[in-house]
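What the coordinates show
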Amino acid sequence: QVQLVESGGGLVQPGGSLRLSCAASGFTFSRYLMSWYRQAPGKEREFVAAISDSGAGTDYADSVKGRFTISRDNAKNTVYLQMNSLKPEDTAVYYCKTTVWVRDYWGQGTQVTVSS
């Protein structure tokens, strides 16, 4: 079955960096778009970034453009989110997501806290 497992979250000071990873299994990873979402306390889950199956195409939320970079390694079935210049408002649980056929699959999430 499809599984997505995020890792790499933690506590970081404002201006710092983190790299999140999402390891995928149970489907042909290289054929599917992958995306990252986040959910802050008391807020709805929101789109962060997406990457095409080949990695040639990417898209970002305006709030993270120029600071975050999404990438993927199809040989390792892993998608990454490099987060630089982190701000307190980036604090959230970060999830990776894919859609296989008509069903959405989500990981369990990884907590990112930006605080001094």
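Residues numbered from 1 in each chain as written. Predicted model: local features only at pLDDT ≥ 70, side-chain atom pairs only at ≥ 80, totals over all residues. Heavy atoms only, no water.

What follows deals with the sheet that holds strand E3 (residues 18–25). Taken in spatial order, the 4 strands make up an open sheet running E1-E3-E8-E7, and their pairing is antiparallel. Taken across any chain shown, the strands that pair with only one partner, and hence form the sheet edges, are strand E1 (3–7) and strand E7 (68–73). The sheet shows a mean angle of 15° between the axes of neighbouring strands, taken without regard to direction. Here E7 runs beside strand E8 (residues 78–83); their pairing, made up of 6 bridges, is antiparallel. Note on E8: the bridge partner recorded for Ile-70 is Leu-81. (Pairing = 2+ DSSP bridges. Helix = DSSP H or I, 4+ residues; strand = E, 2+ residues; numbered from the N terminus. Axes fitted to C-alpha atoms, helices over the stretch in contact; angles between N-to-C directions.)

In this structure the tally under the stated criterion is 1 disulfide. Each sulfur in the disulfide pair Cys-22 and Cys-96 lies 1.9 Å from the other. Here the disulfide of Cys-22 and Cys-96 is right-handed, its torsion about the S-S bond being about 45°. Residue Cys-22 is found in strand E3, and its partner Cys-96 is found in strand E9 (residues 92–100); the two are separated by 74 residues along the sequence. We classify Cys-22 as buried; its relative accessible area is 0%. (Disulfide = S-S within 2.5 Å. Buried < 20%, exposed > 50% of the residue type's maximum accessible area, 1.4 Å probe, protein only.)

Before going further, it helps to spend a moment on the environment of Asp-104. With respect to the helices and strands, Asp-104 occurs in strand E10 (residues 103–106). Among the residues examined, Asp-104 registers a relative accessible area of 38% and is labelled partly exposed. What Asp-104 contacts, discounting residues up to four positions off in sequence, is Lys-97, Thr-98 and Thr-99. Separated by 2.6 Å, the side chains of Asp-104 and Thr-99 make a polar contact. (Contact = heavy atoms within 4.5 Å. Polar contact = N/O pair within 3.5 Å; in protein donor to acceptor, adjacent residues only side chain to side chain.)

For E9, a buried count of 7 out of 9 residues is recorded, marking the element as mostly surrounded by other parts of the structure. Pairing analysis gives 6 bridges linking strand E4 (residues 34–39) to E9, with the strands arranged antiparallel. The residue of E9 that forms the bridge with Tyr-37 is Tyr-95. Alignment of E9 against strand E11 (residues 110–114), held across 3 bridges, turns out to be antiparallel. Paired with Ala-92 across the bridge in E11 is Val-112. In this structure, E9 lies alongside E10, joined through 4 bridges in antiparallel fashion.

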